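Geometric and topological summary
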Amino acid sequence: MSNLLYTLAVILIIFWAIGFFAFSAGGIIHVLLIIAVIAVLLRLIQGRRL
């Protein structure tokens, strides 16, 4: 589950970077960034349990 969360966060950060530099999509890009940051923070808080 945590691996999936980390993968989702990375994908969202990549989409945010593409949107930030290539398109002017408005607020939705920043919402995706916030979701990705929250996902990474949750992973760091939960630790690396395998």
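Residues numbered from 1 in each chain as written. Predicted model: local features only at pLDDT ≥ 70, side-chain atom pairs only at ≥ 80, totals over all residues. Heavy atoms only, no water.

Taking an unreviewed UniProt entry as the reference, the chain is identified by name as Lmo0937 family membrane protein belonging to Flavobacterium degerlachei.

**Observations concerning the overall build of the chain**
Each helix and strand counted, the chain has 2 helices and 0 strands in total. Burial status across the chain gives 18% buried among its 50 residues. When the accessible surface of the chain is totalled, it reaches about 4,000 Å², and 77% of it is carbon and sulfur. (Helix = DSSP H or I, 4+ residues; strand = E, 2+ residues; numbered from the N terminus. Buried < 20%, exposed > 50% of the residue type's maximum accessible area, 1.4 Å probe, protein only. Areas by Shrake-Rupley, 256 points an atom, 1.4 Å probe, with all protein chains shown as cover.)

**Observations regarding the environment of isoleucine 11**
With respect to the helices and strands, the residue isoleucine 11 is situated in helix 1 (residues 2–22). By relative accessible area, isoleucine 11 is classed as partly exposed at 38%. Each C-alpha atom of the pair isoleucine 11 and leucine 32 lies 9.7 Å from the other, and the pair is 21 residues apart in sequence.

**Points about a nonpolar patch on the surface**
A surface patch of nonpolar side chains, about 530 Å² in accessible area, is lined by Tyr6, Val10, Ile11, Ile14, Phe15 and Ile18. Along the chain, isoleucine 14 falls in helix 1. (Patch = residues over 30% accessible without salt bridge, like charges linked within 9 Å, V, L, I, M, F, W, Y side chains within 5 Å. Salt bridge = Lys/Arg side-chain N within 4 Å of Asp/Glu carboxyl O.)

**Here's the deal with the environment of leucine 33**
Tracing the sequence through the fold places leucine 33 in helix 2 (residues 27–46). As a C-alpha pair, leucine 33 and tryptophan 16 span 17 residues in sequence and 5.9 Å in three-dimensional space.

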